[in-house]
Amino acid sequence: MLPQGLAEDRPDTISSTDISTFAECTPGGGGGRLPSSRASSPRPQETRRSSWPFRMVSQGSSPSLLEALSSDFLACKICLEQLRTPKTLPCLHTYCQDCLAQLAEGGHVRCPECRETVPVPPAGVAAFKTNFFVNGLLDLVKARACGDLRAGKPACALCPLVGGTSAGGPATARCLDCADDLCQACADGHRCTRQTHTHRVVDLVGYRAGWYDEEARERQAAQCPQHPGEALRFLCQPCSQLLCRECRLGPHLDHPCLPLAEAVRARRPGLEELLAGVDSNLVELEAARMVEKEALARLREQAARVGTQVEEAAERVLRTLLAQKQEVLGQLRAHVEAAEEAARERLAELEGHEQVARAAAAFAHRVLSLGREAEILSLEGAIAQRLRQLQGCPWTPGPAPCLLPQLELHPGLLDKSCHLLWLSFEAQQSQVDSGKDGAGAPGGSEVQSQTEGVAKAERQNGVQPQGRDGAQTPKEDRAQTPREDGAQTPEKDRAQMPQEEGGAQHQKGGMSNKKRKFKGRFKSISREPSPAPGPNLEGSGLLPRPIFSCSFPTRMPGDKRSPRITGLCPFGPREILVADEQNRALKRFSLNGDYKGTVPVPEGCSPCSVAALQGAVAFSAGARLYLISPNGEVQWRRALSLSQASHAVAALPSGDRVAVSVAGHVEVYNMEGSLATRFIPGGKANRGLRALVFLTTSPQGNFVGSDWQQNSVVVCDGLGQVIGEYRGPGLHGCQPGSVSVDKKGYIFLTLREVNKVVILDPKGSLIGDFLTAYHGLEKPRVTTMVDGRYLVVSLSNGTIHVFRVRSPDS
């Protein structure tokens, strides 16, 4: 007797009784067709749920489901193709058997996804568990994907079995239980046979569209890999192996076996319990991951805040040091001026004594050498009286006080172990506490505590602490410093003098009013705090940094006057062209400061702004725009508006056009001198409201100009549409100066009055300071960018500084 369930198997062939019954139900037989209700009604199904963890979507499935399964879930992560003979590793990752065989090395396989090392069974990678779940999905996908109904219908699978000689008619239906495509006649007969009348026969078009995916998955039977065509129906409990009918009657005949449904019901609770434990672990891992991300975000935020504080603290120290420098230099100048005045008085007195004595001595010599006896005797009394009078007078006005100045540095400045800035690290607080601490803006309680910490460290290292405004706090013994006129300024009175009213501290007999006025302006401007970095940066470490390259003068032996640099532009590889308006010359220099000669200019022209094009040089002089060849030949010139004192010139990135600012608008000329385009930044609504004194172009094709009428920096495209405009406090109340753009679009703006070059992002938002007086800037005039990474700055005294721009990612 067969074990339970084996007698229910579907026969592999169709019996004669089935054929006769099928013939009676076909349209050609005598029995007629089944009622339409019987043909269209589904088989009464048992109330059961699918035991597979992956359920296909029914009635709502779309072709995207097939694409997703074919490309992601059913794709091997090694060969990136559809899985073939899928094998599952203990880590539950599935790959092709052949792909795993290629990865096996030394009896182990390392999972490509989770990197877990798995030992290979003695029988090879074929002994890994076969993923019947994936096999079932692959069968479903292959059955849906084989053939295209629009190109040609598949053939019926039963027509050749009933004695027909043809390959079968076109299929119009599919049996979900037999997994066969059927023509209309075979489908009607399939519903009538005794052994297949309970099968579910569905429309082939709907099946291909995915309407019956879930039902097909429920009726789908896993096939035995040892016996093709046999479905897996049992589970051998001692071997934990799935069996078909043939396997059940073979070596597992004496083993206790369970039907698959009963085995699933018995083992599902244990799997669900384990899955619930893993789900709870996933919740904990998700929470831990969020906590870690929040901690990392707080770390980055605090690092950005501390970086800003470091920049501000260093700037305060530099401002204080520069203020002390000006003060000490002022004292030195006052001491020298007082000493020179006293020396001049003493020299005048000595010269007077010398002149009187020399005159008397000369007269006495002449009388004694040329006079006769009577004449000598007659003058002898007067001469003797005068000479005795001169001998009795003091020859010197007293000892001259000579106090030589000596520079005394604080010991902390020479001590390498003295650190004005340092970092301390503490454990992160809770999110609520950190939110409270970080609520204040820089400059609040956190900055105050940082400043107090710096002051405390300075006192511990012997460095003089700073005040809140960056001024140096005077020591008590400093009040006893003698001045040239003998007066002393009490320290209490000095502390009460307001910085914003007086500016500089008055010195009796010291500097002149003009010098004191300049010193007061220097202090009031340089102590203004710089604005915070823009919101587009996560921290100050993202700003480009300057690296000093070289410095050289531009005055040449043939110059009759001191250079006045009004224009700079790149000219060839690692070379610049300098417009010296005072000497009416276009000078060529390398970035190392080597003089390369000049580009001849027309007679009487004083070049103002200059730009280099392809094989030509454009420059403005007076109210004209010139285009000349490198040897000085004038190719064309154009008259410009007289309403502007100077016209800025810039070359477009293509190198075949030149732009010039004329009375608030921009004109673009081609190489032939024809006007290519003309626009006003912001459109015609801004007519008469712009005054572009400096102009440049970016590698992205945008225009950047310094607008003195709006006191702003404007960025616009080639059509005049404004991309961004900055007129904030970062200008320190100054008129925007020369502008340059690097290869990434960062804008470098010169502020001559405060000795700074600030940096803006490509849209014109202020980022921070790039160059200050600390880098040797003293009244910078114009700048240019060479090769997109060298910033060339010219000073008012004709000196040129070259800085390499280091990008944040370098």
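Residues numbered from 1 in each chain as written. Predicted model: local features only at pLDDT ≥ 70, side-chain atom pairs only at ≥ 80, totals over all residues. Heavy atoms only, no water.

Draft legend 1. Summary view of the overall build of the chain. Tallying secondary structure elements over the chain gives 17 helices and 35 strands in all. Each of the 810 residues in the chain was classed as buried or not, and the buried ones make up 38%. Once local pairs closer than 6 in sequence are excluded, the contacts in the chain between residues at least 24 apart make up 49%. Carbon and sulfur atoms provide 54% of the accessible area of the chain, an area that totals close to 46200 Å². (Helix = DSSP H or I, 4+ residues; strand = E, 2+ residues; numbered from the N terminus. Buried < 20%, exposed > 50% of the residue type's maximum accessible area, 1.4 Å probe, protein only. Contact = heavy atoms within 4.5 Å. Areas by Shrake-Rupley, 256 points an atom, 1.4 Å probe, with all protein chains shown as cover.)

Draft legend 2. Fine view of the environment of phenylalanine 748. Take phenylalanine 748: it is sitting in strand E30 (residues 747-751). Considering only alpha carbons, one finds phenylalanine 748 and methionine 785, 37 residues apart in sequence, at a separation of 9.1 Å. Discounting residues that sit within four places of it in the chain, phenylalanine 748 has contacts with Ser738, Val739, Ser740, Asp742, Val757, Val758, Ile759, Phe770, Thr783, Met785, Leu791 and Val805.

Draft legend 3. Broad picture of the sheet that holds strand E34 (residues 790-795). Ordered by their spatial adjacency, four strands build an open sheet running E12-E35-E34-E33, and the pairing between neighbours is antiparallel. Looking at which strands have only one partner, the edges of the open sheet turn out to be strand E12 (545-553) and strand E33 (780-786). Taken over all neighbouring pairs, the strand axes of this sheet differ in orientation by 25° on average, direction set aside. In the sheet, E34 pairs with strand E35 (residues 799-806) via five bridges, with the strands oriented antiparallel. The partner of valine 793 across the bridge, within E35, is histidine 801. (Pairing = 2+ DSSP bridges. Axes fitted to C-alpha atoms, helices over the stretch in contact; angles between N-to-C directions.)

Draft legend 4. Seen up close, the pairing of strand E31 (residues 756-760). For E31, the buried fraction is high: five of the five residues fall into the buried class. A two-sided burial pattern is seen for E31, the buried positions comprising Lys756, Val758 and Leu760 on one face and Val757 and Ile759 on the other. Here E30 pairs with E31 via five bridges, running antiparallel. Within the sheet, the bridge partner assigned to isoleucine 747 lies in E31 and is leucine 760. The antiparallel hairpin formed by E30 and E31 contains four residues in its connecting segment, where asparagine 755 sits at a positive phi of about 55°. Once E31 ends, the chain turns through five residues before running back antiparallel as strand E32 (residues 766-771), passing glycine 764 with a positive phi of about 95°.

Draft legend 5. View of the sheet that holds strand E8 (residues 201-203). Read across the open sheet, the three strands follow the order E7-E6-E8; overall the sheet is antiparallel. Strands with a single pairing partner mark the edges of an open sheet, and in this sheet they are strand E7 (180-182) and E8. Direction aside, neighbouring strands of the sheet carry axes that sit 35° apart on average. Pairing of strand E6 (residues 173-175) with E7 involves three bridges; the strand directions are antiparallel. Residue pairing in the sheet places cysteine 175 in a bridge with aspartate 180 of E7.

Draft legend 6. Representation of a nonpolar patch on the surface. The grouping of Val328, Leu407, Leu409, Leu413 and Leu414 at the surface amounts to a nonpolar patch, some 540 Å² of accessible area in total. Owing to a relative accessible area of 63%, leucine 414 belongs among the exposed residues under this scheme. (Patch = residues over 30% accessible without salt bridge, like charges linked within 9 Å, V, L, I, M, F, W, Y side chains within 5 Å. Salt bridge = Lys/Arg side-chain N within 4 Å of Asp/Glu carboxyl O.)

Draft legend 7. Molecular detail of the pattern of salt bridges. Under the defined criterion, the tally for this structure stands at 22 salt bridges. Ionic pairing is found between arginine 358 and glutamate 354, a salt bridge with its closest N-O pair at 2.7 Å. With arginine 358 and glutamate 354 both in helix H10 (residues 260-370), this residue pair falls four residues apart, about one helical turn. Classification of glutamate 354 by relative accessible area gives partly exposed; the value is 41%. Through salt bridges with shared partners, a single network forms among Glu315, Arg319, Lys756 and Asp769.

Draft legend 8. Local environment of the state of the cysteines. Inspection of the entire model under this criterion finds zero disulfides. Sulfur of cysteine 186: no disulfide; nearest cysteine sulfur belongs to cysteine 183 and is 3.5 Å away. On the basis of relative accessible area, cysteine 186 is assigned to the buried category, the value being 4%. (Disulfide = S-S within 2.5 Å.)

Draft legend 9. Representation of the nonpolar core within the structure. Counting 31 residues, the largest nonpolar core has Ile576, Leu749, Val792, Ile800 and Val802 as its most contacted members. Dropping the residues within four chain positions of it, valine 792 is found in contact with Leu568, Ile576, Leu591, Val782, Thr783, Thr784, Val786, Ile800, His801 and Val802. Counting 18 residues, the second-largest nonpolar core is a separate cluster that includes Leu83, Cys96, Phe133 and Leu137. (Core = buried A, V, L, I, M, F, W, Y, C linked by side-chain atoms within 4.5 Å.)

Draft legend 10. Highlighting the environment of serine 562. Of note, serine 562 is situated in the loop between E12 and strand E13 (565-570). In the structure, serine 562 is positioned 236 residues away from glycine 798 in sequence and 7.3 Å away in space, judged by C-alpha atoms. Serine 562 has contacts with Arg555, Gln582 and Asn583, leaving out every residue within four places of it along the chain.

Draft legend 11. Structural view of the confidence of the model for the chain. With 72% of its residues at a pLDDT of at least 70, the chain reaches an overall mean of 75. Counting interchain partners and residues more than four positions distant, the pLDDT-below-50 stretch residues 147-151 has five contacts. Across residues 431-541 the pLDDT falls below 50, and counting only partners more than four positions away or on other chains, this stretch makes 145 contacts in the model. (pLDDT = per-residue confidence, 0-100.)

Draft legend 12. The packing of H10 against helix H11 (residues 373-392), seen in detail. It is the contact of H10 with H11, at a shortest axis distance of 11 Å, that shows an interaxial angle of 155°. Considering their axes alone, H10 and H11 lie roughly antiparallel with respect to each other. Relative to H11, H10 is oriented so that their crossing is left-handed. Where H10 abuts H11, its residues Val356, Ala357, Ala360, Phe363, Ala364, Val367 and Leu368 lie against Ile376, Leu379, Ile383, Arg386, Leu387 and Leu390. Here the residues of the contact of H10 with H11 are counted per class, giving 12 nonpolar, no polar and one charged. (Parallel < 35°, antiparallel > 145°, perpendicular 65-115°, else oblique. Left-handed = near helix turned anticlockwise from the far one by under 90°. Nonpolar A, V, L, I, M, F, W, Y, C, P; charged D, E, K, R; others polar.)

Draft legend 13. Region of the structure containing the packing of aromatic side chains. For the structure on display, the rule yields eight aromatic pairs. Between phenylalanine 619 and tyrosine 626, the aromatic rings sit 5.1 Å apart at their centres with planes inclined by 10°, giving stacked as the arrangement. Accessibility assignment for this pair places phenylalanine 619 and tyrosine 626 in one class, buried. Look at tryptophan 636 and tyrosine 669: their rings are 6.0 Å apart centre to centre, the planes differ by 40°, and that puts the pair in the tilted class. (Phe/Tyr/Trp six-rings, centres within 6.5 Å; stacked < 30°, edge-to-face > 60°.)

Draft legend 14. The arrangement of the pairing of strand E18 (residues 616-621) in detail. Of all six residues in E18, six are buried, a share of seventy percent or more. Residue alternation in E18 divides its side chains into two sets, Ala616, Ala618 and Ser620 and Val617, Phe619 and Ala621, and both sets are buried. Pairing geometry for strand E17 (residues 610-613) and E18, over four bridges, is antiparallel. Bridge assignment links valine 610 to a residue of E18, and that residue is phenylalanine 619. Between E17 and E18, which pair antiparallel and follow one another directly, the connecting turn spans two residues, one of which, glycine 615, has a positive phi of 70°. Taking the residues between adjacent antiparallel strands as the criterion, E18 and strand E19 (residues 624-628) are bridged by two residues, where glycine 622 takes a positive phi near 65°.

Draft legend 15. Spotlight on H10. Counted at 1.5 Å a residue, the expected span for H10 with its 111 residues is 165 Å, and the 154 Å between its end C-alpha atoms agrees. Along H10, the largest kink reaches about 40° and is centred on arginine 267; proline proline 269 follows within four residues of it. (Expected span 1.5 Å × (residues − 1). Bend = angle between axes of the 7 residues up to and from the residue.)

Draft legend 16. Expanded view of the side chain of aspartate 742. Structurally, the position occupied by aspartate 742 is in the loop between strand E29 (739-741) and E30. Although aspartate 742 lies buried, it forms no salt bridge, and the closest oppositely charged side chain, lysine 744, sits 7.2 Å away as judged by the N-O distance. Only 3.0 Å separates the side chain of aspartate 742 from the backbone nitrogen of glycine 745, close enough to count as a polar contact. A distance of 2.7 Å separates the side chain of aspartate 742 from the backbone nitrogen of tyrosine 746, its partner in a polar contact. In contact with aspartate 742, not counting residues within four places along its chain, are Pro699, Phe748, Met785, Gly788 and Val805. (Lys, Arg positive; Asp, Glu negative; His and termini not counted. Polar contact = N/O pair within 3.5 Å; in protein donor to acceptor, adjacent residues only side chain to side chain.)

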